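One letter stands for each residue in the lines below.
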Amino acid sequence: MPAAEAGVYELFAVKYATHGRTQAANFVDPPDPHEAMPIDYFVWAAVSRTRTFVIDMGFSRETAVDRGRTFIRCPAEALALVGVDANTVKDVIVTHFHYDHIGNFDKFPNADFHLQDREMAFATGRHMLDPAQGSSMNVDDVVGMVRHVYGKRVVFHDGDAKLAPGITLHYIGGHTAGLQIVTVMTARGLVVVASDACHLYANMETRNPFPVIFEKDKVLAGYDTLERLAPSPGHIVPGHDPQVMDRYPAVSEELEGIAVRLDVEPVN
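Computed from a prediction, not measured in an experiment: that's the story for all the values here.

Participant: So, the pattern of salt bridges: which residues are in play, and what are the values?
Facilitator: Two side chains bearing opposite charge may form a pair once their charged atoms approach each other closely. Per the counting criterion, the structure on display carries eight salt bridges. With its nearest N and O atoms 3.4 Å apart, the salt bridge here joins Asp 40 to Lys 15. One end of the pair, Asp 40, is in strand E2 (residues 39-47); the other, Lys 15, is in strand E1 (residues 10-19), with 25 residues separating them in the sequence. When its relative accessible area of 3% is taken as the criterion, Asp 40 is described as buried. Residue Lys 15 is classed as buried on the basis of its relative accessible area of 15%. For the salt bridge of Glu 215 with Lys 218, the shortest nitrogen-to-oxygen distance reads 3.6 Å. Classification of Lys 218 as partly exposed rests on a relative accessible area of 28%. Linked by salt bridges that have partners in common, Glu 10, Arg 261 and Asp 263 make up one network.

Below, the structure is given as structure tokens:
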């Protein structure tokens, strides 16, 4: 498919896994703890005429089995469906180190990994002694990223950073100590890829956070930041909401329910 002009990106969300659960797993204060409320797992790609950024790398089939998730496709193979070859990607943005965002770095052999100083310190420091924090990490993935530091393939950021025209990182924290989000300039304006700063539309709309939290005050402040950065609520893309597949148009009929365009206006 044709790439956008430099500084303006085509933006894709690609679904690679899902998990059946109830509201009890998705809210600090679930309105109905027993009501079914599945989540989806995505990776994202921003593609311009001159540069491609992959945002997060998902998890592997083995991790899906270990954690009881329904694995649909390898995230790297899923990206190929929208024309992104993981072997040639030069830049991967790691929003945070949880297992569903940091895996599969071996599928991106030529990429540098952009992450926050605070996230590396968090994932390798004292807070990992707390099961409430460490249980969402895969130690092999964390160790692998440390190895990439020594391999000179990690690009550290301390707070907000402009990576290229149209691509900016914004430090949020809250969910983890070093969570970052990404703003992407598209043909419909600036789109905010929220990752886990907002798991579900309802988390932000009701100020009722997802229950995996490091610092709650920063989670709530993060919602305000998302709203400040975005031109409208329709320009914020949550990290795990199945509604994303319904609200945005599929890349093609063949990719219905698999990959959607975030650089065009929502259809629902």
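Participant: Report on the environment of Thr 225, specifying residues and quantitative values.
Facilitator: Along the chain, Thr 225 falls in helix H8 (residues 216-229). On the basis of relative accessible area, Thr 225 is assigned to the buried category, the value being 18%. A C-alpha to C-alpha distance of 8.0 Å links Thr 225 and Ile 172, two positions 53 residues apart in sequence.

Participant: Got a sec to walk through the environment of Thr 206? Specific residues and values, please.
Facilitator: Within the secondary structure layout, Thr 206 lies in the loop between helix H7 (201-205) and H8. With 145 residues separating them in the primary sequence, Thr 206 and Arg 61 have C-alpha atoms 33 Å apart. At 2.6 Å, the side chain of Thr 206 and the backbone oxygen of Ala 202 are in polar contact.

Participant: Explain the pairing of strand E8 (residues 161-164) to me, using residue names and the numbers behind them.
Facilitator: As defined by bridge partners, E8 adjoins strand E9 (residues 167-171) across three bridges and the pair is classed as antiparallel. Note that in E9 the partner of Lys 162 across the bridge is Thr 168.

Participant: Before we move on, can you summarise the nonpolar core with the specific residues and values?
Facilitator: In terms of nonpolar packing, the biggest core is built from 46 residues, with Val 92, Val 94, Phe 97, Phe 108 and Met 145 touching the most fellow members. The element contributing the most residues to this core is E2, with five residues. Discounting chain neighbours no more than four positions away, the residues touching Phe 108 are Val 54, Met 57, Leu 79, Ala 86, Val 89, Val 92, Phe 113 and Arg 153. Ile 55, Ile 93, Val 237 and Val 244 belong to the second largest nonpolar core, which has 24 residues in total.

Calculation notes
Residues numbered from 1 in each chain as written. Predicted model: local features only at pLDDT ≥ 70, side-chain atom pairs only at ≥ 80, totals over all residues. Heavy atoms only, no water. Salt bridge = Lys/Arg side-chain N within 4 Å of Asp/Glu carboxyl O. Helix = DSSP H or I, 4+ residues; strand = E, 2+ residues; numbered from the N terminus. Buried < 20%, exposed > 50% of the residue type's maximum accessible area, 1.4 Å probe, protein only. Polar contact = N/O pair within 3.5 Å; in protein donor to acceptor, adjacent residues only side chain to side chain. Pairing = 2+ DSSP bridges. Core = buried A, V, L, I, M, F, W, Y, C linked by side-chain atoms within 4.5 Å. Contact = heavy atoms within 4.5 Å.

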